[in-house]
Amino acid sequence: MTAVDGPSGEVASLLVLLRRTGDARRPGKDRAPVLSGGPVLTALDAQVLEGVAGGESTAQLASRLYLSRQGIEYRVGQMLRRFDAPNRPALVARAHALGMFAVGQWPPRVLPERVK
C-alpha cells in the first residue's frame, strides 16, 4: 500500500482494493468445459486423474488402463493445459481446489457429477 500526497501535501483518503472473484476466462477448446462451477472430464480422463492423484506412475497407469505410455502422457498433458497447471502435483492440487474429488476417500475418486 502506498500513500499518495495531494497537491497541498495532504494524504489521500481513498483506498481501492481489488479482489479476484473468479476466473474471467471462458473455456476454449484447450480448457475443460465449465458446468455448474467446475470442469467435467471424460471417464478415461477421470481415471487418469485419479491415478495421478493416487501416485501412480505413467507405466502403472498405462498397464492398468490398457493404454500406451504415450497415451497416458498425452492425456496428462491435455489436463495440465486445461487446468493451467505446470506439473502433476499442481494438477492434483487444482482439481482438489475445484472440488473434483470425493472428500475423505483413498484412493482419490473423481465425483460422478464431474464425469460426462
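Rules behind the numbers
- Within each chain, residue numbers correspond to sequence positions counted from 1 in written order.
- Where totals are concerned, whole chains, interfaces and linings use all residues; where local detail is concerned, this predicted model gives features only for residues with pLDDT of at least 70, and gives and counts side-chain atom pairs only at 80 or more.
- Excluding hydrogens and water, the side-chain values take into account all heavy atoms of the structure.
- As a per-residue quantity, pLDDT reports the predictor's confidence and falls between 0 and 100.
- Pairs of residues are marked as contacts when any of their non-hydrogen atoms sit within 4.5 Å.
- Helix and strand assignments come from DSSP, with helices taken as H or I runs of at least 4 residues and strands as E runs of at least 2, each series counted from the N terminus.
- When accessible area is computed with a 1.4 Å probe and restricted to protein chains, residues below 20% of their type maximum are described as buried, those above 50% as exposed, and intermediate ones as partly exposed.
- A 3.5 Å cut-off defines polar contacts: any pair of N or O atoms within that distance qualifies, except that in protein one atom must be a possible hydrogen donor and the other a possible acceptor, and neighbouring residues in sequence count only when both atoms are side-chain atoms.

With that out of the way, let us pick up the confidence of the model for the chain. For the chain, per-residue confidence averages 81 on the pLDDT scale, and 68% of positions sit at 70 or higher. Taken together, the stretch residues 22-35 has pLDDT below 50 and engages in 16 contacts with residues farther than four places along the chain or on a different chain.

Residue position: D45 is located in helix 1 (residues 43-53). Residue class for D45 comes out buried when judged on its relative accessible area of 2%. Looking at D45, its side chain comes within polar contact range of the side chain of R82, at 3.2 Å. With residues up to four places along the chain from it excluded, the contact list for D45 reads R75, M79 and R82.

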